[in-house]
Amino acid sequence: MASISIPGSTPGGSKIRVGILGASGYTGAELVRMLLRHPNVEIAALTAERQAGKPMAEVFPHLGGYGLPDLVKIEELKWDNLDFIFCALPHGTTQEVVAGLPSGLKVVDLSADFRLTDPAEYATWYGHEHRAVDLQKEVAYGLTEFNRQGVRKARVVANPGCYPTCSLLPLLPLLLENQIEPGGIIIDAKSGVSGAGRDAKQANLFTEVSEGFNAYGVGNHRHMPEIEQELRLAAGRPVTVSFTPHLVPMNRGMMATIYVRMADGVTADDLRATLAARYADEPFVGVTPAGVVPATRHVRASNHNLIGVVADRAPRSAIIVSVIDNLVKGASGQAIQNMNVMMGLGETTGIDQAPLFP
């Protein structure tokens, strides 16, 4: 295929030389897809273990013709040729890799390895000791809308999980304003199959997933402590949530239906008004009008989060519906958003695409 030119790229221009570790997975491919349109970025290195030695077009044909570097193993990289790293490696393999990177490289890690601030809590949920405790102390949690200053100053940013992103964006402002009770929060969440990764697994086969709908990680999903960690910071006291994820037979998309108990005198309209005010100047978070419930198709392939609020029939209860694209705002798009902040670029640069519909 002939080389494809990218609008906004200028030969000889000063660009951020980016390496993507784990480029053969879905989040790695999304990083490539979006960064190809980023005017300030040059994709300088792509790694993969099992696919090393192959051109990216062989692994992801839709990314052919862009002059991308071939996939290589991590140990083959020349770090002095890079300015920034996106780490899209599997959970449990990232801590030692990131800890071993040159200190001048800035990193956004898309795994769960640096999201929990307490190493003991990490060991409890992930079954092994944290392997980079000293580095963990320097990591900023990358929910950009709530930690811009921390992200801006950090060398390493822990990109939030998809379920936490979808759940925290609607809940944090309401806890900060004391409009909902910290106890009794129920998060009923659904994700497209791409959230399970690209590895060949029996549970993800078409015949296993299609025409069905199932819960998983019931009562012990690893995103629970991440959600509770951030809610605890907002509430100023421990918060325990009931969180159940479900796998839905669609490629991408995520919805969290959240049940909350409102404080005395607070209405669902008050919750909506608080969220609308909090996100009025945010480019990627929107609140739907009264009576409008967002759907995953409204944010597909975009870095957007849409939030709707509905009064429940039960007294002092409300239902919040939050939707994102799990691969974009839930992973790669938010990672680029954090990179933009870390590198002093316009926050929406390269990720301001409108949602794809139908």
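Residues numbered from 1 in each chain as written. Predicted model: local features only at pLDDT ≥ 70, side-chain atom pairs only at ≥ 80, totals over all residues. Heavy atoms only, no water.

Participant: For the overall build of the protein, give the residues involved together with the corresponding values.
Facilitator: When you go through the protein residue by residue, the secondary structure sums to 11 helices and 14 strands. Computed over its C-alpha atoms, the radius of gyration of the protein comes to 20 Å, within 12% of the 21 Å expected for a compact globule of 358 residues. Taken over 358 residues, the protein has a buried fraction of 52%. In the protein, of all internal contacts separated by at least 6 residues, the share reaching a separation of at least 24 is 71%. About 15600 Å² of surface is accessible on the protein, with carbon and sulfur atoms providing 51% of the total. Computed over 31 positive and 36 negative side-chain charges, the separation of the two mean positions in the protein equals 2 Å. (Helix = DSSP H or I, 4+ residues; strand = E, 2+ residues; numbered from the N terminus. Rg over C-alpha atoms; globule rule 2.2 N^0.38 Å. Buried < 20%, exposed > 50% of the residue type's maximum accessible area, 1.4 Å probe, protein only. Contact = heavy atoms within 4.5 Å. Areas by Shrake-Rupley, 256 points an atom, 1.4 Å probe, with all protein chains shown as cover. Lys, Arg positive; Asp, Glu negative; His and termini not counted. Charge placed at Lys NZ, Arg CZ, Asp CG, Glu CD.)

Participant: With reference to specific residues and values, describe the sheet that holds strand 8 (residues 186-191).
Facilitator: Sheets are built from strands that pair by backbone hydrogen bonding, the pairs being arranged parallel or antiparallel. Taking strand neighbours across the sheet as the criterion, the 7 strands line up as 9-10-8-11-14-13-12 in an open arrangement whose pairing is mixed. The open sheet has two free edges, formed respectively by strand 9 (214-215) and strand 12 (285-287), since each of these has just one partner strand. Across 6 bridges, strand 13 (residues 305-311) lies against strand 14 (residues 317-324) in antiparallel orientation. Residue pairing for strand 14: Val-310 is matched across the bridge by Ile-319. Sitting on the sheet, helix 7 (residues 162-176) is in contact with strand 8, strand 10 (242-247), strand 11 (254-261), strand 12, strand 13 and strand 14, with an inclination near 35° to strand 11. (Pairing = 2+ DSSP bridges. Axes fitted to C-alpha atoms, helices over the stretch in contact; angles between N-to-C directions.)

Participant: Please set out the pairing of strand 2 (residues 41-47) residue by residue, giving values where relevant.
Facilitator: Strand 2 sits mainly inside the fold: 5 of its 7 residues count as buried. Relative to strand 2, strand 1 (residues 16-21) is paired through 6 bridges, and the arrangement is parallel. Across the sheet, Arg-17 pairs through a bridge with Glu-42, a residue of strand 2. Remark: the strand 1/helix 1 (residues 26-35)/strand 2 crossover connection has right-handed handedness. (Right-handed = clockwise from strand over helix to strand, strands pointing away.)

Participant: How would you summarise the UniProt feature "active site" (unreviewed entry) in the protein if you had to cite specific residues and measurements?
Facilitator: Per the UniProt record, "active site" (unreviewed entry) is found at Cys-162. In this fold, Cys-162 is placed in helix 7. Residues contacting Cys-162, with those up to four places away along its chain left out, are His-223, Met-254, Ile-324, Asn-326 and Gly-330. (UniProt positions renumbered as here; feature names shortened; annotations may be inferred.)

Participant: Could you give an account of the pattern of salt bridges, with specific residues and numbers?
Facilitator: Applying the stated criterion across every chain yields a total of 15 salt bridges. With its nearest N and O atoms 3.1 Å apart, the salt bridge here joins Glu-30 to Arg-252. Here Glu-30 is found in helix 1, whereas its partner Arg-252 is found in the loop between strand 10 and strand 11, with 222 residues between them in sequence. A single burial state applies to Glu-30 and to Arg-252, both of which are buried. Salt-bridge contacts for Arg-252 lead to Asp-325; the nearest nitrogen and oxygen are separated by 3.0 Å. With a gap of 73 residues between them, Arg-252 in the loop between strand 10 and strand 11 and Asp-325 in the loop between strand 14 and helix 11 (328-342) connect regions that are remote in the sequence. Judged on exposure class, the residue Arg-252 and its partner Asp-325 are both buried. In the salt-bridge network here, residues are joined through shared partners; they are Glu-30, Arg-33, Arg-252 and Asp-325. (Salt bridge = Lys/Arg side-chain N within 4 Å of Asp/Glu carboxyl O.)

Participant: Which residues make up the sheet that holds strand 1, and what are the values?
Facilitator: Taken in spatial order, the 7 strands line up as 3-2-1-4-5-7-6 in an open sheet, and their pairing is parallel. With partners counted over all chains shown, the strands left at the sheet margins are strand 3 (71-72) and strand 6 (140-141), one partner each. Its contacts with the sheet place helix 1 against strand 1, strand 2 and strand 4 (84-87), and it is angled at close to 160° to strand 1.

Participant: How would you summarise the nonpolar core if you had to cite specific residues and measurements?
Facilitator: Grouped together as the largest cluster of nonpolar side chains are 39 residues, with contacts concentrated most on Ile-185, Ile-187, Leu-231, Val-260 and Leu-271. Of all the secondary structure elements, the ones that give two or more residues to this core are helix 7, strand 8, helix 9 (223-235), strand 11, helix 10 (268-278), strand 13 and strand 14. Not counting the four nearest positions on each side in its chain, Val-260 is found in contact with Leu-171, Ile-180, Ile-185, Leu-271, Arg-316, Ser-317, Ala-318 and Ile-320. In terms of nonpolar packing, the next biggest core, distinct from the first, is built from 37 residues, Val-32, Val-59, Ala-140 and Ile-351 among them. (Core = buried A, V, L, I, M, F, W, Y, C linked by side-chain atoms within 4.5 Å.)

Participant: Explain the packing of helix 1 against helix 11 residue by residue, including any values.
Facilitator: Relative orientation of the contacting elements helix 1 and helix 11 amounts to 45°, with a least axis distance of 9 Å. Considering their axes alone, helix 1 and helix 11 lie oblique with respect to each other. In the crossing of helix 1 with helix 11, the sense of the turn from one axis to the other is right-handed. Across the interface between the two elements, Thr-27, Glu-30, Leu-31, Arg-33, Met-34 and Leu-35 from helix 1 touch Val-328, Ala-331, Ser-332, Gly-333, Ala-335 and Ile-336 from helix 11. The class makeup of the residues in the contact of helix 1 with helix 11 is 7 nonpolar, 3 polar and 2 charged. (Parallel < 35°, antiparallel > 145°, perpendicular 65-115°, else oblique. Left-handed = near helix turned anticlockwise from the far one by under 90°. Nonpolar A, V, L, I, M, F, W, Y, C, P; charged D, E, K, R; others polar.)

Participant: Can you break down helix 4 (residues 119-126) residue by residue, with the values?
Facilitator: Since the α-helix turns once every 3.6 residues, residues separated by three or four places project in the same direction. Residues of helix 4 that are buried include every one of Tyr-122, Ala-123 and Tyr-126, and no others. Down the axis of helix 4, the sector holding all buried residues measures 100°, keeping them to one side. On the buried face of helix 4, the contacting elements are helix 3 (94-99). Looking at where helix 4 begins, the residue whose side-chain oxygen comes 2.9 Å from the main-chain nitrogen of Ala-120 is Asp-118. A positive backbone phi angle near 80° is found at Gly-127, which sits one or two residues after helix 4. (Arc of directions from axis to C-beta. Polar contact = N/O pair within 3.5 Å; in protein donor to acceptor, adjacent residues only side chain to side chain.)

Participant: Any details on helix 9? Residues and values, ideally.
Facilitator: Its 13 residues place the ends of helix 9 18 Å apart at the C-alpha level, agreeing with the 18 Å of an ideal helix rising 1.5 Å per residue. By the criterion of burial, helix 9 is predominantly enclosed, with 10 of the 13 residues buried. Gly-236 occupies a position one or two residues after helix 9 and carries a positive phi of about 75°. (Expected span 1.5 Å × (residues − 1).)

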